[in-house]
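One letter stands for each residue in the lines below.
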2 protein chains.
Amino acid sequence: MKSFPVTDPIAHILWKGDRLLVLDQRLLPRRIRYVTCRTAKDVALATRSMVLRGAPLIGVAAAYGMALAARRGRAELKRAGRLLRRARPTAVNLMHGVDAMLDAAEGVREPLLARSLARAAAALHQEDISGNRRMAVLGASLLKKGSRIITHCNAGALATAGLGTAVGVIRYAHYLGKVSQVYACETRPYLQGSRLTLWELMQSRVPATLITDNMAAHVMKTCGIDAVVVGADRIAANADVCNKIGTYGLAILARHHGIPFYVVAPATTVDLATPDGASIPIEERSADEVLKIFGRPIAPRGARARHFAFDVTPHELITAIVTERGVVSPANERNLKKTIG
Amino acid sequence: MKSFPVTDPIAHILWKGDRLLVLDQRLLPRRIRYVTCRTAKDVALATRSMVLRGAPLIGVAAAYGMALAARRGRAELKRAGRLLRRARPTAVNLMHGVDAMLDAAEGVREPLLARSLARAAAALHQEDISGNRRMAVLGASLLKKGSRIITHCNAGALATAGLGTAVGVIRYAHYLGKVSQVYACETRPYLQGSRLTLWELMQSRVPATLITDNMAAHVMKTCGIDAVVVGADRIAANADVCNKIGTYGLAILARHHGIPFYVVAPATTVDLATPDGASIPIEERSADEVLKIFGRPIAPRGARARHFAFDVTPHELITAIVTERGVVSPANERNLKKTIG
């Protein structure tokens, strides 16, 4: 893996000691703008409003949010933890990021608190980078030469602190000469696929083609797809996977066409306290985000919409879950616990 | 069916004797604007550019296009037929509309040609209206009380000359008190679901909810869907159905969840000369229509995209095909031929 880049060329999360700069992913790829977060509240707001997104990145940002809170003393930490946990309900990495910082604060003397938590957050950041690298190697080994791959949403560098999860695997497999074409589903309503994944793949010179979400079945039937590779927002103890809305449908379509379905996610995404997919809270966001595109209505005035942000893929439909600690295959409770334990 | 409207309140195709006025469906629901067609070429252009769309409506408009050509004499008819046939490749109703007019022109004296073809086109128009009504009655009888229905694209009044096909069934079932909720898939890239179907359903006071295409699987699992009802652009002799991109995926998802999958289409949509779905030409439109929304790019400059406009659903996934001549169930070659004959 010598000349292969370990991190992304895009600096999308920058720790400046007294503030966190976060690339505004809502504006990509048209505009590069950073949002400055000086408090945990700023980080929570940026998370809720999707300035930053992607389960692993949300976790790292939350850790830095706690480090910012620590600058105001121990009393602020607990409040910040509550605030950050509430920012988004589904990605369990957020809860892990907060918990890891509360653990790091334990027994640290007040004057050292800020520096200590900044160091702990940076360590989490580094862990995510090295974890991504490990997943890229493990995941790429599952793909055959000349693979045509479908991916969904953005499980790339922009969703993590490193190479990305699903996109990290794809990029590394491409580096090994194993990828002939990637079909990126645009991923309505936020268009993370067209705006973010396609952008990342093009930067890495991976041959990439945009499709609308509803083309996936036709592409599986007619374009010789070899694998579907996606990320995850939370993985339950029984290996059910919660991920961006549309993932569950893709898994059913992949099964129908006999195509392997791979999930790539760090161990921090696994929540052994959640027994199964049915117990994962599915965030429902504003209907307005479905009813408008670029602020322009796509439906009649007064129209109703639902905006489920995630769905759950039962483990039976998943060929393998790739984590930095190993590949869980077949995806089930026993294998997941053996790997993550 | 006494107080139930037979045609739609929206005049979307108006024959004026020397010209055809066509509602520009690309601008709905924001603007009501008509395009005036004075020649067959105008009708072909309006069809190709999707000013009008929907297989049955395309067929009726093509017939009026031929009637316009007849005003310029018999020599013009053949040329107009070729032009119109090329406007869009998938909907076979277009070919039927042209063929019906060429048949009607047979043996008619030149001075009577224009009047004769105008009358024949109007008859086709009326047939579509009465066929829609018959399909609405037959289709609604398949639905149970309190049905929650998913539909795709727009198989409504705007896609036909009458009530609509799939939406006609839904509207009539709602009139009978059988519909509790309709989930309309937005149908990227043209958004016929959000712009057209939701608009029609709201006008008929049918409870309707917009979802993005990638939410269908989650909605099937969590919202208690009782049926999927869609239209068709061409039906092959073996009962394979070609329809708007996304239909094939919906059929797989419906099968996975044990939900009946109904196709509603007039007999003119059936093409016994096409043996199976694999023989149907699938229109691939400009990638630009995927890469931009409202003219604004959603992907990086230089991005590649595919734009498959239709897909094929194998008959094994279809519970029933509802035509004005009867219900084809199970959907297979023998039953289709028995009904359409």
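Scroll up a little and you will see the structure.
All figures in this text were calculated on a predicted structure; none of them were measured in a lab. (Residues numbered from 1 in each chain as written. Chains lettered and ligands numbered in written order. Predicted model: local features only at pLDDT ≥ 70, side-chain atom pairs only at ≥ 80, totals over all residues. Heavy atoms only, no water.)

### Points about the interface of chain A and chain B
Right, on to step 1. In this complex, chain A contributes 58 residues to the contact, which on the side of chain B involves 58 residues.
Right, on to step 2. Buried surface at the junction of chain A and chain B, summed over both partners, amounts to about 4700 Å²; 67% is from carbon and sulfur atoms.
Right, on to step 3. Taken together, chain A and chain B are joined by 2 salt bridges.
Right, on to step 4. Residues E186 of chain B and R188 of chain A are paired through a salt bridge, measuring 2.7 Å at the closest nitrogen-oxygen approach. (Contact = heavy atoms within 4.5 Å. Buried area = accessible area lost by both parts, 1.4 Å probe. Salt bridge = Lys/Arg side-chain N within 4 Å of Asp/Glu carboxyl O.)

### Some details on the sheet that holds strand β11 (residues 270-271) of chain B
Residues and elements named next belong to chain B.
Right, on to step 1. The mixed open sheet is built from 4 strands, whose spatial order is β11-β8-β9-β15. Strands with a single pairing partner mark the edges of an open sheet, and in this sheet they are β11 and β15 (310-313).
Right, on to step 2. Pairing between strand β8 (residues 234-236) and strand β9 (residues 241-244): 2 bridges, direction antiparallel. Of the residues in β9, the one forming a bridge with I235 is V241. (Pairing = 2+ DSSP bridges. Helix = DSSP H or I, 4+ residues; strand = E, 2+ residues; numbered from the N terminus.)

### Details of the pattern of salt bridges
Side chains that differ in sign of charge can pair as their charged atoms come close.
Right, on to step 1. Taken as a whole and assessed by the stated rule, the structure comprises 32 salt bridges over all chains.
Right, on to step 2. Across the pair D24 of chain B and R33 of chain B runs a salt bridge, and its minimum N-O distance is 3.1 Å.
Right, on to step 3. You can call D24 of chain B buried: its relative accessible area is 0%.
Right, on to step 4. With its nearest N and O atoms 2.6 Å apart, the salt bridge here joins E284 of chain B to R306 of chain B. Of this pair, E284 of chain B sits in the loop between β11 and α10 (288-291) while R306 of chain B sits in the loop between β14 (304-305) and β15, and the two are 22 residues apart along the sequence.
Right, on to step 5. Exposure remark for E284 of chain B: the relative accessible area of 41% places this residue in the partly exposed category.
Right, on to step 6. It is possible to trace a salt-bridge network through shared partners that takes in R88, E283, R285 and E289 of chain A. (Buried < 20%, exposed > 50% of the residue type's maximum accessible area, 1.4 Å probe, protein only.)

### Considerations on the side chain of E283 of chain A
Residue and element names in this part refer to chain A.
Right, on to step 1. Tracing the backbone through its elements, the reader meets E283 in the loop between β11 (270-271) and α10 (288-291).
Right, on to step 2. Overall, the relative accessible area of 9% leaves E283 in the buried class.
Right, on to step 3. Apart from the residues lying within four places of it in its own chain, the contact partners of E283 are R88, P89, T90, H307, F308, A309 and F310.

### Things to note about the relation of the copies chain A and chain B
Right, on to step 1. With an RMSD of 0.0 Å, the operation that places chain A on chain B is a rotation of 180 degrees combined with a shift of 0.0 Å along the axis. What the rotation and shift describe, once combined, is the action of a two-fold rotation axis.
Right, on to step 2. Both copies contact each other with a shared surface, as 100% of the interface residues of chain A are interface residues in chain B too. (Least-squares fit on C-alpha atoms with pLDDT ≥ 70 in both.)

### Re the pairing of strand β16 (residues 320-323) of chain A
All names here are of chain A.
Right, on to step 1. On β16, burial covers both faces: A320 and V322 on one face and I321 and T323 on the other are all buried.
Right, on to step 2. The pairing of strand β10 (residues 261-264) with β16 spans 3 bridges and is parallel. Residue pairing across strands places V264 opposite V322, the latter belonging to β16.
Right, on to step 3. When β16 meets strand β17 (residues 326-328), the two strands line up antiparallel, connected through 3 bridges. The partner of T323 across the bridge, within β17, is G326.

### Here's the deal with the packing of aromatic side chains
Right, on to step 1. In total, this model carries 4 aromatic pairs over all chains according to the counting rule given.
Right, on to step 2. Ring centres of Y172 of chain A and Y175 of chain A lie 5.6 Å apart, and the angle between their planes is 20 degrees; on these two criteria the pair is classed as stacked. One end of the pair, Y172 of chain A, and the other, Y175 of chain A, are both in helix α6 (residues 166-175), 3 residues apart, so they sit about a helical turn from each other.
Right, on to step 3. Overall, Y175 of chain A belongs to the partly exposed group, its relative accessible area being 32%.
Right, on to step 4. Relative to Y64 of chain B, the ring of W15 of chain B lies with its centre 4.9 Å away and its plane at 20 degrees, an arrangement referred to as stacked. Residue W15 of chain B is located in strand β1 (residues 13-15), and its partner Y64 of chain B is located in helix α2 (residues 55-70); the two are separated by 49 residues in the primary sequence.
Right, on to step 5. Its relative accessible area of 3% is what places Y64 of chain B among the buried residues.
Right, on to step 6. The positively charged end of K244 of chain A is found above the aromatic ring belonging to F310 of chain A, 4.5 Å away from the centroid.
Right, on to step 7. One residue, K221 of chain B, lies across the ring of Y248 of chain A, its end atom 4.1 Å from the ring centre. (Phe/Tyr/Trp six-rings, centres within 6.5 Å; stacked < 30°, edge-to-face > 60°. Lys NZ or Arg CZ within 6 Å of the ring centre and 35° of its normal.)

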